[in-house]
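Architecture at a glance
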Amino acid sequence: RRLLRRMALHRLTEVDAYLRYMREHPPEAGALCQDLLIHVTRFFRDPDSFKALQAHAFPEITTGDDPLRIWVPGCATGEEAYSLAMVLIEEIEAAGKSCRLQIFASDVDAEALVAARAGIYPEGIAAHVSPQRLSRFFSKREHTYQGDHRDGSEQPGAPLRSRQPAFQFRHSGFHEASPPDVPGA
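Because the structure is predicted, anything quoted here is derived from the model rather than measured.

Structural notes on the overall build of the protein
For the protein, the helix and strand inventory stands at eight helices and six strands. Across the protein, helices and strands are ordered from the amino to the carboxyl terminus as α-α-α-α-β-α-β-α-β-α-β-β-α-β. Out of the 185 residues in the protein, the part that is buried amounts to 39%. Look at the contacts in the protein between residues 6 or more apart in sequence, and 69% of them connect residues 24 or more apart. For the protein, the exposed area adds up to about 10,600 Å²; of that, 54% sits on carbon and sulfur atoms.

Remarks on unusual backbone geometry
Most peptide bonds adopt trans geometry, and most residues besides glycine take a negative phi value. At Arg11, a residue that is not glycine, the phi angle is positive and equals roughly 55°. The residue Arg11 is located in the loop between helix 1 (2-9) and helix 2 (15-24) in this model. The phi angle at Ala76 is positive, at roughly 55°, despite the residue not being glycine. Mapped onto the secondary structure, Ala76 falls in the loop between strand 1 (68-73) and helix 5 (79-94). Given the relative accessible area of 12%, Ala76 is considered buried.

Notes on the sheet that holds strand 5 (residues 144-147)
Either a parallel or an antiparallel arrangement is found when strands of a sheet pair, and the pairing is made through backbone hydrogen bonds. Judged by pairing direction, the sheet is antiparallel, and its three strands sit side by side in the order 3-5-4 without closing on themselves. Every interior strand has two partners, whereas the edge strands, strand 3 (120-122) and strand 4 (138-140), have only one. Strand-to-strand, the axes of this sheet are offset by a mean angle of 30°, without reference to chain direction. In the sheet, strand 4 pairs with strand 5 via three bridges, with the strands oriented antiparallel.

What counts as what
Within each chain, residue numbers correspond to sequence positions counted from 1 in written order. In keeping with the model being predicted, local features are shown solely for residues with a pLDDT of at least 70 and side-chain atom pairs are shown and tallied solely at 80 or more, while totals for entire chains, interfaces and linings include all residues. Computation of side-chain values covers all heavy atoms of the structure but excludes hydrogens and water. Strands are runs of DSSP state E lasting at least 2 residues, helices are runs of H or I lasting at least 4, and numbering of each runs from the N terminus. For each residue, the accessible area found with a 1.4 Å probe, counting protein chains only, is set against the maximum for its type, and the residue is called buried under 20%, exposed over 50%, and partly exposed in between. Here, two residues are considered to be in contact whenever any of their heavy atoms come within 4.5 Å of each other. Computed by Shrake-Rupley with a 1.4 Å probe, the accessible areas treat only the displayed protein chains as cover when residues are assessed. A pair of strands is labelled paired if DSSP reports no fewer than 2 bridges between them. What counts as an axis is a line fitted to C-alpha atoms, over the stretch in contact for a helix, and the angles between N-to-C directions run from 0 to 180 degrees.

Below is the structure:
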């Protein structure tokens, strides 16, 4: 459906013609990629999954003092990575442990990663993040919240920093390749 939409924007009806168009107009491959990406995310997006993780998985993985490394593939703008960090910090503290938490997050959308690295979210996150977590893990700005995970004294509290989580948002750049050569196209 999204491919057909891109083709219609350029008044093309055949896939082969669209492939030729992408070869002649390289930015179109990036535009198609952006259309294919699903930008649906929010904090604690699947509450039942978080409850199950908290009940079964997190108590098991927070028992030692070894570094805890979590990978979040398809992290989009970082909400799920930050959600995991908040819950894991709470679990680590509840277990009385001091293990280092590292969150590795990746996505194919470089623009979404810029937003994830900034950690700045609209006020609307209050619908999904409890007031306790907002005050503990975020700094309130004028119309936004910023995740407190960066170094710097200008950010009050900084509880995400207090557990020394390392956030790494990386680009998975498979979409940067050129369109495939198709015989006869």
